[in-house]
Each structure stands twice: as structure tokens, then as C-alpha cells.
Amino acid sequence: MSSSRSIEIIPRRNTERGHADHGWLKTFHTFSFANYHDSEHESFGSLRVLNEDRVAPRTGFGTHSHREYEIFSYVISGALEHQDSMNNTEVLSRGALQMTSTGTGISHSEKAHGSEEAHFCQIWASPRPGEGRGKPAYFTRHFIDEDKRNQFRLIIAPSNSSQVSLDREAEGPAPIRSQLRAYASLLDPGISLVHTFHPSLSPERRKAYIHVVQKSGYNPGYAKGVRLRVGAQVEGPIIELREGDGSYLLVGKDAELKVENAGEGAVEFLLFDME
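Here the structure is a predicted model, which is why all the values come from computation and not from measurement.

1. Brief notes about the overall build of the protein chain
Link 1 in the chain: Regarding its fold elements, the protein chain presents one helix and 22 strands.
Link 2 in the chain: For the protein chain, the C-alpha atoms occupy an extent of roughly 50 × 40 × 40 Å along the three principal directions.
Link 3 in the chain: When each of the 275 residues of the protein chain is scored for burial, the buried share is 52%.
Link 4 in the chain: For the protein chain, the proportion of contacts with a sequence separation of at least 24, taken over those separated by at least 6, is 78%.
Link 5 in the chain: Of the roughly 11700 Å² of accessible surface on the protein chain, a fraction of 46% belongs to carbon and sulfur atoms.
Link 6 in the chain: For the protein chain, the centre of its 31 positive side-chain charges and the centre of its 36 negative side-chain charges are spaced 1 Å apart.

This is how it looks when you write it as C-alpha cells:
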């Protein structure tokens, strides 16, 4: 890295992601998951799973169990029906975020509710050391499109920070037992934004990951649709991402991220910032 204000950008193209069409489920895997394994893409910082799922109407994931991971889902379209062993039952629509600290163990099911396909991103993060076996907890938040339009909207923040409420339902970001912040954005054509990373105590380059949502339909081929340019503020956007593309970001101590919508349609993307 040439400067503390620079960002090393390593694209993760849509065609490189693991993917599978099971009929009832069409899915992409940024990192190794289920039958997809790539030793070069196992995790990144505390980010362990980034799946983009499309579940057919009235089907879904039956009851199954998790433990010792922080798991959250970001609903893009349709409605997702959730039930779990903590007696939580609800239907989540576009803009909803559900966060589960699985801790010592929970069981849950996730299904497409109603007559429409449910499209959502499912994300797993590793907990902070010593916090993997805490009491399970569940949280929901909701962000309308205007909350995310032309800004980096914080949707997940560390549970030990002042940015979160530990109430099951509340305004603002959901708490996570990990040093990870997640942002959602809906960027209009011609708009650019600059993101200042949260201060980190680590002397190493911080890690971040950006993912462009594939909104125009399941496409395991060459990425199409919207165009998002990304780069360090000091250098300007230098890499172009399209639907389904992502990038690993190795961030200098004083670097800021600049994004720019260079296409004709609104870009929906997620940014994961890890201390």
C-alpha cells in the first residue's frame, strides 16, 4: 500500500462466487458454504458467510440449528417468515433486518411468505473472543428506502458500542457481538458518497467488504445492470462493480472510501467495516 490514505481493492466478481440452483432455492456464496468450497475465500476478518438467496414462494429452510455465530438477514424483496426456538415468529418485508446472536444454540426456520419469491442476503460473523457462547438473543430493525437513499446507513454495530440499543425492536442499528459494522445504501445515478471508517485500535490495515445486490434477477454469468465505482477518496473511484460483484478492501489508517453511481439506475449495496 503506497499511502495511509490508500485502499487496496481486490474485486470478487459475480462469476467467481459459488452458486447453485436447487429449484426452490437459487443462491450465491461469496465464501465457502455448504457444497461450495474455495480455500482462498473462506472468510475475511470476522465476516464468515455472505449468501445472496432467492427462495421460491411457500418454500424455505426447515427448522435447523446454529451456535456460536452472529447471523443476520437483510431483506431485499418479498417477505421472509421467521420462527425460532426463542418463540419469535414474524414476517419480514423489504428493508427489514433480523439479527440473531446464536450463542449456546438456537433452532429456527426461514421461509418465503406469500406468493412472491423472497430475496435476501444472509450474513454470518464470528463473535468477539470469549463471547461465542453467550445467551442467545434476537433483534429486528426496519429501514425504509429513504433511510438508505444517498447515504451510508448504519444497520449493524457492535453490541458494546454506544450506537446500539439492546432492545429487541428499536430505532437505529441492531447489536452484534462482533467488531463489525454493516451499512446499507441506495445510491441514485450521478451521486457519489464518501465513507469515513470508524476508528480502529489495530495497527494493521483494517478490512472491509463491499457487495452490490443483484436486483435484476438470478444471474450466475457476467455481471450486468447497475454500475458502482469504488476507490479511495484520495485517488478517486478506480474499480467498477456491477450486480453481484463485490470487493475486498484493505484500508489504510487514514483512508476514506469513495463510491459513485456511474449507471442509469439506483444501486443497492452493502458495506461491511471490520475493526
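What follows picks up the thread again.
2. Looking at the packing of aromatic side chains
To describe a pair of aromatic rings, you give the distance between the ring centres and the angle between the ring planes.
Link 1 in the chain: Under the criterion given, the structure shown has ten aromatic pairs.
Link 2 in the chain: Their ring planes at 80° and their centres at 5.3 Å tell us that Trp24 and Phe61 sit as a pair that is edge-to-face. Here Phe61 lies in strand β5 (residues 60-66) and Trp24 lies in the loop between β2 (18-21) and β3 (25-29), a separation of 37 residues in the sequence.
Link 3 in the chain: With a centroid separation of 5.8 Å and an interplanar angle of 75°, the aromatic rings of Phe152 and Phe269 are classed as edge-to-face. Of this pair, Phe152 sits in the loop between α1 (145-148) and β13 (153-158) while Phe269 is found in strand β22 (residues 267-274), placing the two residues 117 residues apart along the sequence. No difference in accessibility class separates Phe152 from Phe269, as the two residues are buried.
Link 4 in the chain: One aromatic cluster is present, formed by Phe31, Phe44, Tyr209 and Tyr248 through successive ring pairs.
Link 5 in the chain: Sitting over the face of the ring of Phe28, Arg17 holds its NZ or CZ atom 4.0 Å from the ring centroid.

3. Brief notes about the layout of surface pockets
Link 1 in the chain: Considered as a void within the structure, the largest pocket measures approximately 340 Å³ in volume.
Link 2 in the chain: What lines the largest pocket is a set of 24 residues, among which Leu25, His29, Phe33, Asn51 and Phe61 lie closest to the centre.
Link 3 in the chain: Sorting the residues of the lining of the largest pocket by element identifies β2, β3, β4 (47-55), β5, β6 (70-77), β9 (96-101), β10 (106-112) and β11 (118-125) as the ones contributing at least two each.
Link 4 in the chain: Of the residues belonging to the lining of the largest pocket, the class tally is nine nonpolar, 13 polar and two charged.

4. Let's talk about the pattern of salt bridges
Link 1 in the chain: Going through the model one piece at a time under the given rule, you end up with 23 salt bridges.
Link 2 in the chain: Put simply, Arg54 and Glu117 hold a salt bridge, and the shortest N to O gap is 3.8 Å. Placement of Arg54 in strand β4 and of Glu117 in the loop between β10 and β11 is noted, with a sequence separation of 63 residues between them.
Link 3 in the chain: Residue class for Arg54 comes out buried when judged on its relative accessible area of 4%.
Link 4 in the chain: The shortest N-O distance in the salt bridge between Arg133 and Glu68 comes to 3.1 Å. With Arg133 in the loop between β11 and β12 (137-142) and Glu68 in the loop between β5 and β6, this pair connects stretches of sequence that are 65 residues apart.
Link 5 in the chain: What emerges from the salt-bridge pattern is a single network uniting Arg94, Asp145, Lys148, Lys215 and Glu268.

Procedures and definitions
Residues numbered from 1 in each chain as written. Predicted model: local features only at pLDDT ≥ 70, side-chain atom pairs only at ≥ 80, totals over all residues. Heavy atoms only, no water. Helix = DSSP H or I, 4+ residues; strand = E, 2+ residues; numbered from the N terminus. Buried < 20%, exposed > 50% of the residue type's maximum accessible area, 1.4 Å probe, protein only. Contact = heavy atoms within 4.5 Å. Areas by Shrake-Rupley, 256 points an atom, 1.4 Å probe, with all protein chains shown as cover. Lys, Arg positive; Asp, Glu negative; His and termini not counted. Charge placed at Lys NZ, Arg CZ, Asp CG, Glu CD. Phe/Tyr/Trp six-rings, centres within 6.5 Å; stacked < 30°, edge-to-face > 60°. Lys NZ or Arg CZ within 6 Å of the ring centre and 35° of its normal. 1 Å grid on protein atoms, 1.4 Å probe; cavity = no way out; pocket = protein on both sides within 12 Å on 5 of 7 lines; lining within 4 Å. Points joined across faces, edges and corners; volume = space filled by probe spheres on them. Nonpolar A, V, L, I, M, F, W, Y, C, P; charged D, E, K, R; others polar. Salt bridge = Lys/Arg side-chain N within 4 Å of Asp/Glu carboxyl O.

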